[in-house]
Amino acid sequence: MNSVIYPEGPKTRMDKPTAVRSSEPTTTESAGVTVTRLVAGQAAFVAATIHLWWGFPRLLAYLQAGSFADPRPYLFVPSGLLLLGVVGAMLLGRRDRALYALAAAVLAAYVLGYAWWHLGDHGGLVPGGHAQGPLATILEHLLEEPRDFVSMFAELVGVGAFAALVGLDR
C-alpha cells in the first residue's frame, strides 16, 4: 500500500477523507429546499405505502385466479415500489431533477387515475353513472374512505413538492 508522508504523520490511501452527503443544508443550499425535499419524500412514502397496502394482497389474489378485471393492483404495486425507490435514492443523497420529475409524474397519475376511476363509474372508460357533478362525486368518494383522503392529500402535496424541487434543487 502506498504511504504518503504528511506533517501530522503517515497516511495510506484508506485514510484519505471522502465526501459524505448529508441531509444537513450546506451553505449553498437553502433550508427551503431541504424542507421541500423532506416533504416530497414523506408524501411519496405515504402514497406508496397506501398503494402497496391496498394493491399487493389484491395482486396476489388476482394472479392466483388469473384475473385481469381490475387493472389497479397491476399498476399500484410497481408504481408504489418505484416511489419507494425514489425515496430510498433521496435518502442516499441522490439529487436528480429527472428523479423528481418521475416521482411527480407517478403521483399525478395517481390523482388523475383516481378521478378517472370514480368519474367512470368505477372502471368504465366513459364518465357517467353518478347523479352529481364531477367535483361533488370525487369529494363524496374521498370523504367516504379515509384511506383515499389521506392518499389524495399526500399525492397532491407530493406533486407540488416534487415540481418545486425540479425547479429549485440544482
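Scroll up to find the structure.
First things first, this report covers the structure right here in the doc. (Residues numbered from 1 in each chain as written. Predicted model: local features only at pLDDT ≥ 70, side-chain atom pairs only at ≥ 80, totals over all residues. Heavy atoms only, no water.)

1. Here's the deal with the overall build of the chain
The condition is simple: Each helix is a run of H or I in the DSSP string that is no shorter than four residues. Each strand is a run of E no shorter than two, and both are numbered from the N terminus. Buried, partly exposed and exposed residues are distinguished by accessible area as a fraction of the type maximum, computed with a 1.4 Å probe on protein chains only: under 20%, between the cut-offs, and over 50%, respectively. In this analysis, two residues are considered to be in contact whenever any of their non-hydrogen atoms come within 4.5 Å of each other. For the accessible areas, the method is Shrake-Rupley and the probe is 1.4 Å, while residue cover comes only from the protein chains on display.
A tally of helices and strands in the chain yields five helices and two strands. Each helix and strand of the chain, ordered N terminal to C terminal, gives the series β-β-α-α-α-α-α. Classification of the 170 residues of the chain by burial places 33% in the buried group. For the chain, the proportion of contacts with a sequence separation of at least 24, taken over those separated by at least 6, is 57%. In the structure as shown, the chain presents an accessible area of about 10600 Å², 69% of it carried by carbon and sulfur atoms.

2. With respect to the pattern of salt bridges
Short version of the rule: Note on definitions: salt bridges are taken to be side-chain nitrogens of Lys or Arg within 4 Å of carboxyl oxygens of Asp or Glu.
Within this structure, the stated rule accounts for three salt bridges. Between D70 and R72 there is a salt bridge whose closest N-O contact spans 2.8 Å. For R72, a relative accessible area of 22% puts it in the partly exposed group. Put simply, D96 and R94 hold a salt bridge, and the shortest N to O gap is 2.7 Å. Judged by relative accessible area, D96 falls into the partly exposed class, the value being 22%.

3. Notes on the environment of A47
Mapped onto the secondary structure, A47 falls in helix α1 (residues 31–65). Ignoring anything within four residues of it in the chain, the contact list for A47 reads L107, Y110, A154 and E155.

4. Description of the packing of helix α3 (residues 97–119) against helix α5 (residues 146–168)
So the rule is basically this: With axes taken as lines fitted to C-alpha atoms, and helix axes fitted only over the stretch in contact, angles between N-to-C directions fall between 0 and 180 degrees. Angles are sorted into four bins: roughly parallel if under 35 degrees, roughly antiparallel if over 145, roughly perpendicular if 65 to 115, and oblique for all others. Throughout, a crossing is termed right-handed when the near helix is turned clockwise from the far one, and left-handed when it is turned anticlockwise from it by less than a right angle. By the convention adopted, Pro, Cys, Tyr, Trp, Phe, Met, Ile, Leu, Val and Ala count as nonpolar, Lys, Arg, Asp and Glu as charged, and the other residues, Gly among them, as polar.
Here α3 crosses α5 at 150°, and the two axes come no closer than 8 Å. By the angle class used here, α3 and α5 are roughly antiparallel. Here α3 runs over α5; the crossing is left-handed. In this structure, α3 contributes R97, Y100, A101, A103, A104, L107, A108, Y110, V111 and Y114 to the contact, and α5 contributes D148, M152, E155, L156, G158, V159, F162, A163, L165 and V166. Residues that form the contact of α3 with α5 fall into these classes: 16 nonpolar, one polar and three charged.

5. Some remarks on the nonpolar core
What counts, and what does not: Among the buried residues, those of types Ala, Val, Leu, Ile, Met, Phe, Trp, Tyr and Cys that are joined through side-chain atoms within 4.5 Å form a nonpolar core.
Within the largest apolar cluster, 22 residues are counted, with the highest numbers of intra-cluster contacts made by L83, V86, M90, L107, Y110, F162 and L165. Breaking this core down by element, the ones donating at least two residues are α1, α2 (72–91), α3 and α5. Of all the elements, α3 adds the most residues to this core, at seven residues. Excluding its chain neighbours within four sequence positions, the residues that come into contact with L107 are A47, L83, E155, G158, V159 and F162. Formed by five residues, the second largest nonpolar core is a distinct cluster that contains V111, Y114, I138 and L142.

6. Remarks on the side chain of D70
Filter applied, for reference: Pairs of N or O atoms within 3.5 Å make up the polar contacts considered here, provided that, within protein, one atom can donate a hydrogen while the other can accept it, and that residues adjacent in sequence are counted only when both atoms are side-chain atoms.
Here D70 lies in the loop between α1 and α2. Separated by 2.8 Å, the side chains of D70 and R72 make a polar contact. Excluding residues that lie within four positions of it along the chain, D70 makes contacts with W54, Y62 and W117.

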